[in-house]
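Survey of secondary and tertiary structure
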Amino acid sequence: IEQTNSSESDGNIHKRQRLTRASTRLSQSSQDLKRAADHDESPPLTPTGNAPSSESELDISSPNASHDESQAKDQGSRDLDKDLSHRPKRRRCHETYNFNMKCPTPGCNSLGHLTGKHERHFAVSGCPLYHNLSADECKVKAISREKQEEEIKVQEETNSRHATRHQIPTSKQSKYKEQVAEMRKGRNSGLQKEQKEKHMAHRQTHGNTREPLLENITSDYDLELFRKAQARASEDLEKLRIQGQISEGSNMIKTILFGRYELDTWYHSPYPEEYARLGRLYICEFCLKYMKSQTILRRHMAKCVWKHPPGDEVYRKGSISVFEVDGKKNKIYCQNLCLLAKLFLDHKTLYYDVEPFLFYVMTEADNTGCHLVGYFSKEKNSFLNYNVSCILTMPQYMRQGFGKMLIDFSYLLSKVEEKVGSPERPLSDLGLISYRSYWKEVLLRYMYNFQGKEISIKEISQETAVNPVDIVSTLQSLQMLKYWKGKHLVLKRQDLIDEWKAKEIKRGNSNKTIDPSSLKWTPPKGT
């Protein structure tokens, strides 16, 4: 009996030691599990991987457990160690989420990219099929573009090493310019009958799910420039997607209903999330209030008493009017105007802090009211004499001369203030094109009317209210400014002046000009 008791006691001691070791391992693993659970903000897991249904499932250190239970718990601790070692892999679903999405273009398998640099795409902007191309064609075009960019880079480095002041175009550049002019000669010849039928058939087959056929509409040179711009824009969007600034299905307004127009948006605007996630916004064209549905818009239009922007009408000629709106007095209207403008401007950052600015809103009137054409904003007190902070022409009024009217009106205000003005930088792409065209026209008109032999940039600036820096950059782009014997000389290029005059005569008496006599405005106090 003593031997039996002693053997049983030895066995119990052995069992307790084994149980103690198992309990220690399980308690350590439970602590690791709790720390991982706290870090992951999820309930602690049991050895089965599920959330515990009661506290008893977490009580793993009971000293009265049997040998079989200790073995089960020991096995459970090993399972837990395996589970914990593989826990980070649970996040892989977020990394692979985008690959489960598909391009919205019908029939597209999301393979390839318009830039030729990515294996997949998830938006129409990067879809080769939407642009009537294949993934292989996009890769070939990408290789060709890279070679051209390398050649241009090498050429620029060579020119910068051997550059002199205001260097005239090289023979290679002049030859290339002639080639471009030759390629562009037949771009306005129009489509032939067979080509028109092909374009119409493509349109009827695919509708808005494909880009219209662009071949033979313009010259091959201009078409290639357009393709490069598309690829560059698509690459910029892809970079933003990778950085996480935008994502597929993100809250971005795709279209807006504005008056009798339905406009596709170009950029993201920080409208409230409940409106942005709809993808389509309905905006009153008079008070600029934004709504969620056409029914709400229709009810609003029945009650809205606004037929023109708030503020003072400072200019009117024919159907064109300009209203001066104070951001402090009409804060809500100006904020809505900024949100609307951001849909079509890339560099705009002003949304809500509108009180230090004046807004000059151009409208075109008919029997229903004054319709928004465009606007520009201006600081009330600009330290650097900026006469424009932000400028926009609505898409439905672009390429009709209204942009130059807005620019001309801003310089007219500078003349009345007896100041020299300049737009605030950076300018958007379309803004830069418009301003360069305006400065060129102003300088050529001044040269045409100038009869003297000596000309001063300072005199040009005082008469036109254009900043001397902008005048010099425009003269350089026109190759009318030369450096000779230590002096800067302004050359009167008669060929450019004659070309500008011919365009003026062809344009005729257009009503897209600003008449200074129609301005009824005095500079605000403090400016």
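Residues numbered from 1 in each chain as written. Predicted model: local features only at pLDDT ≥ 70, side-chain atom pairs only at ≥ 80, totals over all residues. Heavy atoms only, no water.

**Re the overall build of the chain**
For the chain, the helix and strand inventory stands at 15 helices and 13 strands. Burial statistics for the chain: of 527 residues in total, 35% are counted as buried. When contacts within the chain are restricted to residue pairs at least 6 apart in sequence, long-range pairs at least 24 apart make up 57% of them. On the chain, roughly 33400 Å² of surface is accessible, and the fraction owed to carbon and sulfur atoms is 50%. (Helix = DSSP H or I, 4+ residues; strand = E, 2+ residues; numbered from the N terminus. Buried < 20%, exposed > 50% of the residue type's maximum accessible area, 1.4 Å probe, protein only. Contact = heavy atoms within 4.5 Å. Areas by Shrake-Rupley, 256 points an atom, 1.4 Å probe, with all protein chains shown as cover.)

**Looking at the pattern of salt bridges**
According to the stated counting rule, one finds 12 salt bridges in the structure shown. The salt bridge involving E313 is made with R316; its shortest N-O contact spans 2.8 Å. Residue R316 is classed as exposed on the basis of its relative accessible area, which comes to 53%. One salt bridge in this structure joins R493 and D495, with 3.1 Å as the shortest N-O distance. You can call R493 partly exposed: its relative accessible area is 25%. The partly exposed category is assigned to D495, whose relative accessible area is 45%. Overlapping salt bridges bring together K404, E441 and R445 as one network. (Salt bridge = Lys/Arg side-chain N within 4 Å of Asp/Glu carboxyl O.)

**Description of the environment of G112**
Within the secondary structure, G112 is located in the loop between α3 (92–95) and α4 (135–161). Exposure remark for G112: the relative accessible area of 8% places this residue in the buried category. Not counting residues within four places of it along the chain, the set of residues in contact with G112 comprises H118, E119, R120, H121, G126, P128 and A135.

**With respect to the pairing of strand β5 (residues 312–317)**
As paired strands, β5 and strand β6 (residues 320–326) are joined by five bridges and run antiparallel to one another. Each residue of the ladder has a partner; that of K317, found in β6, is I320. Hairpin connection of β5 to β6: two residues between the antiparallel strands, including G318 at a positive phi of 65°. (Pairing = 2+ DSSP bridges.)

**Focus on a positive patch on the surface**
Together, K289, R298, R299 and K303 give the surface a local cluster of positive charge. Inspection of the secondary structure puts K289 in the loop between β3 (280–283) and β4 (290–291). A relative accessible area of 44% places K289 in the partly exposed class. (Patch = residues over 30% accessible without salt bridge, like charges linked within 9 Å, V, L, I, M, F, W, Y side chains within 5 Å. Lys, Arg positive; Asp, Glu negative; His and termini not counted. Charge placed at Lys NZ, Arg CZ, Asp CG, Glu CD.)

**Some thoughts on the nonpolar core**
The nonpolar side chains of a soluble globular protein tend to be buried with one another. Ranked by size, the top nonpolar core spans 76 residues in total, and within it I256, L340 and F409 carry the most contacts. Both domains that meet at this core, namely domain 1 (251–306) and domain 2 (307–518), each give it at least three residues. When near neighbours in sequence (up to four residues on either side) are disregarded, L340 contacts I256, F258, Y271, I283, L288, L372 and M394. If you look at the next biggest cluster of nonpolar residues, it comprises eight residues, including L257, Y282, C284 and M291. (Core = buried A, V, L, I, M, F, W, Y, C linked by side-chain atoms within 4.5 Å. Domains from an automatic or database assignment.)

**Regarding helix α10 (residues 331–342)**
Side chains that are three or four residues apart share a direction in an α-helix, a result of its 3.6 residues per turn. A rise of 1.5 Å per residue sets the reference length of α10, with its 12 residues, at 16 Å; its end C-alpha atoms lie 17 Å apart and thus fit the reference within 8%. In terms of residue burial, α10 counts as a mostly covered element, since 10 of its 12 residues are buried. Residues Y333, C334, Q335, N336, L337, C338, L339, L340, A341 and K342 constitute the buried set of α10. (Expected span 1.5 Å × (residues − 1).)

**With respect to a nonpolar patch on the surface**
A cluster of nonpolar side chains, namely W266, L430 and I433, defines an oily patch on the protein surface of about 310 Å² accessible area. Structurally, W266 is set in the loop between β2 (261–264) and α8 (273–276). W266 sits in the partly exposed class, given a relative accessible area of 36%.

**Quick word on the sheet that holds β2**
Spatial strand order, β2-β1-β3-β4: four strands in an open sheet with mixed pairing. With one partner strand each, in any of the chains shown, β2 and β4 form the two edges of the open sheet.

**Things to note about a negative patch on the surface**
There is a patch of like negative charges on the surface, built from E146, E149, E150 and E151. Along the chain, the position of E151 falls in helix α4. By relative accessible area, E151 is classed as exposed at 57%.

**Structural notes on the packing of aromatic side chains**
Evaluation of the coordinates by the stated rule reveals 14 aromatic pairs. Ring centres of Y271 and Y290 lie 4.9 Å apart, and the angle between their planes is 85°; on these two criteria the pair is classed as edge-to-face. In this pair, Y271 sits in the loop between β2 and α8 while Y290 sits in strand β4, placing the two residues 19 residues apart along the sequence. Residue Y271 is classed as buried on the basis of its relative accessible area, which comes to 6%. Relative accessible area serves as the criterion here: at 18%, Y290 is assigned to the buried category. An aromatic cluster is defined as three or more aromatic residues linked by ring pairs; in this entry it consists of Y315, Y360, F376 and F409. Across from the ring centre of Y275, 5.4 Å away, lies the NZ or CZ of K292, which sits over that ring. (Phe/Tyr/Trp six-rings, centres within 6.5 Å; stacked < 30°, edge-to-face > 60°. Lys NZ or Arg CZ within 6 Å of the ring centre and 35° of its normal.)

**A short note on the UniProt feature "active site" (unreviewed entry) in the chain**
The UniProt feature table records "active site" (unreviewed entry) at E424. Residue placement: E424 occurs in the loop between β11 (422–423) and α12 (429–449). Given a relative accessible area of 28%, E424 falls into the partly exposed group. In this structure E424 touches E379, Y386, V388 and S389, once residues within four positions along its chain are discounted. (UniProt positions renumbered as here; feature names shortened; annotations may be inferred.)

**Examining the side chain of N387**
For N387, the position within the fold is in strand β9 (residues 386–388). With a relative accessible area of 2%, N387 lands in the buried category. Residues in contact with N387, not counting those within four places in the same chain, are F376, S377, K378, S410, Y411, S414, G421, S422 and P423.

**Section: the side chain of S414**
Note on placement: S414 falls in helix α11 (residues 402–417). The class for S414 is buried, based on a relative accessible area of 2%. Polar side-chain contacts of S414 include one of 3.3 Å to the side chain of N387. (Polar contact = N/O pair within 3.5 Å; in protein donor to acceptor, adjacent residues only side chain to side chain.)

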